[in-house]
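# A structural walkthrough
What follows is the residue order along each chain.
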Amino acid sequence: MKKSLLLLLSASLIFNSTGCAFSNSINEQDLMHHHYILMENNGLSLPIFKNVDLEFGENMIMIGKICSEFLAQIKLENNMIKGQIINMTNNKCQNKQLDLLDNVIKKLIIDGANIQLIDTKLVLKNNQDTLIFQLKDYM
């Protein structure tokens with residue numbers, strides 16, 4: 001009995017340590033119909049970021065608002081998003097840091113970004129910028 005339990009425990013530890021127990025691969029359903037607000041931009045957190053939001057709709061449509069509002073068609077592959085801006089207003093913010101974020105999100109979409117889901121946080125990251133959003137669904 002002890003040997004069986006030990007064997008079962010060992011197999012379980014090996015299985016879990018090899019990463020076979022779960023996959024952290026993100027799929028479209030993980031994102032679809034979720035709403036996020038910006039919490040951090042490259043480690044900086046400002047109260048005004050709470051006005052910046054991002055949403056994922058069906059067929060991987062990304063909708064967001066920083067200074068400008070945008071609509072993008074993205075593809076998700078290997079925890080990377082990449083796509084094209086379908087429509088983007090050209091609004092200017094009075095806050096310079098928010099104004100710069102319009103270009104950051106545009107670059108993340110067009111050039112591609114690594115995407116991670118960590119608990120209730122969504123992370124978009126490339127070589128220069130890291131945006132961390134907090135899940136804030138409407139319902």
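Check the entry above for the structure.
Quick look at the sheet that holds strand β8 (residues 130–135) now. Spatial strand order, β1-β2-β3-β4-β5-β6-β7-β8: eight strands in a closed barrel with antiparallel pairing. Each adjacent strand pair in this sheet contributes to an overall mean axis angle of 35°, direction not counted. Bridge count between strand β1 (residues 34–41) and β8: five bridges; the pairing is antiparallel. Its bridge partner lying in β8, Ile 37 is registered against Gln 134. Here helix α3 (residues 96–111) sits on the sheet in contact with β1, β3 (61–65), β4 (69–77), β5 (80–88), β6 (113–118), β7 (121–125) and β8, set at roughly 125° to β5.

Another aspect to go through is the environment of Lys 92. Along the chain, the position of Lys 92 falls in the loop between β5 and α3. For Lys 92 and Asp 102, which are ten residues apart along the polypeptide, the C-alpha to C-alpha distance reads 9.1 Å.

With that settled, the discussion passes to the pairing of β3. Pairing of strand β2 (residues 53–56) with β3 involves four bridges; the strand directions are antiparallel. The residue bridging Glu 55 from the neighbouring strand is Ile 63, located in β3. Linking two consecutive strands that pair antiparallel, namely β2 and β3, is a turn of four residues; a positive phi of about 60° is found at Asn 59 within it. Where β3 lies against β4, five bridges are found, and the strand directions are antiparallel. Its bridge partner being in β4, Ile 61 is matched across the sheet by Gln 73.

This part is about the packing of aromatic side chains. For any pair of aromatic rings, the description rests on two quantities: the centre-to-centre distance and the angle between the ring planes. The full count for this structure, using the stated rule, is one aromatic pair. For the ring pair Tyr 36 and Phe 56, a centre distance of 6.3 Å and an interplane angle of 85° mean the geometry is edge-to-face. Here Tyr 36 is found in strand β1, whereas its partner Phe 56 is found in strand β2, with 20 residues between them in sequence. Tyr 36 gets classed as buried once you look at its relative accessible area, which sits at 3%. Taking relative accessible area as the criterion, Phe 56 reaches 1% and is therefore assigned buried.

Criteria and cut-off values
Residues numbered from 1 in each chain as written. Predicted model: local features only at pLDDT ≥ 70, side-chain atom pairs only at ≥ 80, totals over all residues. Heavy atoms only, no water. Pairing = 2+ DSSP bridges. Helix = DSSP H or I, 4+ residues; strand = E, 2+ residues; numbered from the N terminus. Axes fitted to C-alpha atoms, helices over the stretch in contact; angles between N-to-C directions. Contact = heavy atoms within 4.5 Å. Phe/Tyr/Trp six-rings, centres within 6.5 Å; stacked < 30°, edge-to-face > 60°. Buried < 20%, exposed > 50% of the residue type's maximum accessible area, 1.4 Å probe, protein only.

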